Protein chains: 2
Amino acid sequence: MITEQIKQSYTEEQLQAAQFAKALSHPVRIAILELLNNESCCLHGDMAEVLPVAKSTLSQHLNELKKVGLIQGNIHPPQVKYCINRKNFMLAKLLFNNILK
Amino acid sequence: MITEQIKQSYTEEQLQAAQFAKALSHPVRIAILELLNNESCCLHGDMAEVLPVAKSTLSQHLNELKKVGLIQGNIHPPQVKYCINRKNFMLAKLLFNNILK
DNA sequence: ATAGTATTTCGTATATTTACGAATAAATAA
DNA sequence: TTATTTATTCGTAAATATACGAAATACTAT
């Protein structure tokens, strides 16, 4: 007789929500999103002057946000202008609101 | 002449939001919150049967959620019943909605 | 007291995250 | 071409997260 439960894996929504949450899980990344949301777009250099991390560290954090699609970078050589990706920004909001309802 | 910018630290809200986000940054913790939200309360043992992690690992994840105040555990020896902490649940929702507006 | 049940803590291994400065790349300006 | 500016990647160190089984805890029932 089989009594063991089949252990569920995770739904796509759970995985996606966790991924977005991970992107928000460091205060500097929250600060980046707030800057971009207020100023609409920002140069890497301008953010580096305000945020309390080294430029190379900032690049890493920007990359985390880019990886999950919350922001995008547009190159204006030699500068890079970052903006929020509204579509995924809204998707993240929706997923969180579904979980925290 | 002083030209260096004073680098800001983080606001309490940014730190708090990042902390909640970190708590949500693993799919099993998302799954736990969904279970508790649907069933109102769950025993550790019942969750351990459904979720794809060992019991000891589940305890660790429950502890992460407890630490940031998203859930609370009530002891009914020898079992432990976990419930959502509505106050902080709503606070997390509010903080995320402020960031993702 | 002893045994049984449910959960947590401990010990530990591995992977990931975070941080920084140095080096590199990529474009423009001199 | 060479220098300048801006941003990213590399190398690396330290901290944190994740996972599991074994052992410990804490209570109940016999």
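Anything mentioned here points back to the structure above.
Parameters at a glance
- Residues numbered from 1 in each chain as written.
- Chains lettered and ligands numbered in written order.
- Predicted model: local features only at pLDDT ≥ 70, side-chain atom pairs only at ≥ 80, totals over all residues.
- Heavy atoms only, no water.
- Phe/Tyr/Trp six-rings, centres within 6.5 Å; stacked < 30°, edge-to-face > 60°.
- Helix = DSSP H or I, 4+ residues; strand = E, 2+ residues; numbered from the N terminus.
- Buried < 20%, exposed > 50% of the residue type's maximum accessible area, 1.4 Å probe, protein only.
- Lys NZ or Arg CZ within 6 Å of the ring centre and 35° of its normal.
- Near = heavy atom within 4 Å.
- Polar contact = N/O pair within 3.5 Å; in protein donor to acceptor, adjacent residues only side chain to side chain.
- Nonpolar A, V, L, I, M, F, W, Y, C, P; charged D, E, K, R; others polar.
- Pairing = 2+ DSSP bridges.
- Contact = heavy atoms within 4.5 Å.
- Buried area = accessible area lost by both parts, 1.4 Å probe.
- Salt bridge = Lys/Arg side-chain N within 4 Å of Asp/Glu carboxyl O.

Q: Could you give an account of the packing of aromatic side chains, with specific residues and numbers?
A: Inspection of every chain in the model, using the stated rule, returns one aromatic pair over all chains. Each ring, one from Phe96(A) and one from Phe96(B), has its centre 4.9 Å from the other, and the planes form 25°; the classification is stacked. Remark: Phe96(B) occurs in helix α5 (residues 86-99) and Phe96(A) occurs in helix α5 (residues 86-99); the pair is interchain, linking two chains. The two residues Phe96(A) and Phe96(B) agree in class, both being buried. The lysine or arginine in question, Arg86(A), covers the ring of Phe89(A), its NZ or CZ lying 5.2 Å from the ring centre.

Q: Tell me about the protein's contact with DNA strand D, residues and numbers included.
A: Taken together, 18 residues lie near DNA strand D, and His44(A), Gly45(A), Ser59(A), Tyr82(A) and His61(B) sit nearest. At 3.4 Å from a phosphate oxygen of DNA strand D is found a main-chain nitrogen or oxygen belonging to Val80(A). Interatomic distance of 3.1 Å between a side-chain N/O atom of Ser56(B) and a base nitrogen of DNA strand D. Looking at the surface near DNA strand D, the elements with two or more residues in it are α3 (44-50), α4 (55-67) and β3 (79-84) of chain A together with α4 (55-67) of chain B. The element best represented in the surface near DNA strand D is α4(B), accounting for four residues.

Q: How would you sum up the protein's contact with DNA strand C? Please name residues and give values.
A: In the vicinity of DNA strand C there are 19 residues, among which His61(A), His44(B), Gly45(B), Ser59(B) and Tyr82(B) approach most closely. Taking all atoms of DNA strand C within 4 Å of the protein, the share assigned to sugar and phosphate is 65%. Interatomic distance of 2.3 Å between a side-chain N/O atom of His61(A) and a phosphate oxygen of DNA strand C. The element that contributes the greatest number of residues to the surface near DNA strand C is α4(A), accounting for four residues. Tallied by class, residues from the surface near DNA strand C come to six nonpolar, ten polar and three charged.

Q: Report on the pairing of β3(A), specifying residues and quantitative values.
A: All names here are of chain A. In terms of strand pairing, strand β1 (residues 41-43) meets β3 through three bridges, oriented antiparallel. Looking across to β3, one finds that Cys41 is bridged to Cys83. Note: strand β2 (residues 71-76) against β3, six bridges, orientation antiparallel. Its bridge partner lying in β3, Gln72 is registered against Cys83. Between β2 and the antiparallel strand that follows it, β3, lie two residues.

Q: So what about the interface of chain B and chain A? Which residues, and what values?
A: Listed per partner, the contact involves 36 residues of chain B and 36 residues of chain A. Between chain B and chain A the total buried area reaches about 3400 Å² when both faces are included, carbon and sulfur atoms providing 64% of it. Looking at the side of chain B facing chain A, the largest losses of area belong to Tyr10(B), Ile99(B) and Leu100(B), adding up to 21% of the total buried there. Applying the counting criterion to the chain B and chain A interface returns zero salt bridges. Counting across the chain B and chain A interface gives seven residue pairs in polar contact (both at pLDDT 80 or more). At the level of elements, α1 (12-23), α2 (27-39), α3 (44-50) and α5 of chain B are the ones that each hand at least two residues to the side of chain B that touches chain A. No other element matches the eight residues that α5(B) contributes to the side of chain B that touches chain A.

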